[in-house]
Amino acid sequence: IYVLLLLKLYLISLPYNGLLLVSEDLPHTFQTLAVITRSQAGTVEHAINIYLKFGLIEILANHTYYMTDIQLFIGLRQSANVWRDFAFNNSFHHLP
């Protein structure tokens, strides 16, 4: 359940470049994240504490949670697309 919750948090943070925000200047709380992820607030709180210990999430000065590895996930998707396009484009050069 914690892995699934982590993936949901990454998706929620995408529009704000890794920040878990409700709007431009309003950070999420355990309760708002619980509602969005359809989890219990206690589960979300416990999971975030685990993520903090492992460095997957950081707390910024304004009490906003930041998903530390978000750029790696975005970069992996872009890299996969580049390799897929490269393979597709080069496959036509080998046709007789």
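What you see is a predicted model; the values in this text were computed from it and never measured.

Now, about the overall build of the protein chain: what can you tell me, with residues and values included?
Within the protein chain one finds four helices and four strands. Ordered by position from N to C terminus, the α and β elements of the protein chain give α-β-β-α-α-β-β-α. The buried share of the protein chain, reckoned over its 96 residues, is 25%. A fraction of 53% describes how many contacts in the protein chain between residues 6 or more apart in sequence connect residues 24 or more apart. Carbon together with sulfur atoms contributes 64% to the accessible area of the protein chain, which is approximately 6800 Å² in total.

Quick one: what's the story with helix H3 (residues 41-54), residue by residue and with numbers?
With 14 residues, H3 ought to run about 20 Å at 1.5 Å a step, and its terminal C-alpha atoms sit 20 Å apart, in line with that. Along H3, the positions that sit buried rather than exposed are Val 44, Ala 47, Ile 48 and Tyr 51. The arc enclosing the buried residues of H3, seen along the axis, measures out at 100°, which places them on a common side. For H3, the secondary structure elements touched by its buried residues are helix H1 (2-13), helix H2 (30-37), strand E3 (57-59) and strand E4 (65-67). Of the residues trailing H3, Gly 55 is marked for its positive phi of about 80°.

So what about the confidence of the model for the protein chain? Which residues, and what values?
When the pLDDT values of the protein chain are averaged, the result is 82; 76% of them are 70 or greater. The secondary-structure element of the protein chain with the lowest mean pLDDT is helix H4 (residues 70-91), recorded at 58, while H3 shows the highest, at 96. Of the regions scoring below 50 in pLDDT, residues 92-96 engages in zero contacts with residues more than four places distant in sequence or in other chains.

Mind laying out the environment of Leu 26, listing which residues take part and the relevant values?
Tracing the chain through its elements places Leu 26 in strand E2 (residues 26-27). Taking the C-alpha atoms as reference points, Leu 26 and Thr 64, separated by 38 residues in sequence, lie 8.2 Å from one another.

Rules used in this analysis
- Residues numbered from 1 in each chain as written.
- Predicted model: local features only at pLDDT ≥ 70, side-chain atom pairs only at ≥ 80, totals over all residues.
- Heavy atoms only, no water.
- Helix = DSSP H or I, 4+ residues; strand = E, 2+ residues; numbered from the N terminus.
- Buried < 20%, exposed > 50% of the residue type's maximum accessible area, 1.4 Å probe, protein only.
- Contact = heavy atoms within 4.5 Å.
- Areas by Shrake-Rupley, 256 points an atom, 1.4 Å probe, with all protein chains shown as cover.
- Expected span 1.5 Å × (residues − 1).
- Arc of directions from axis to C-beta.
- pLDDT = per-residue confidence, 0-100.

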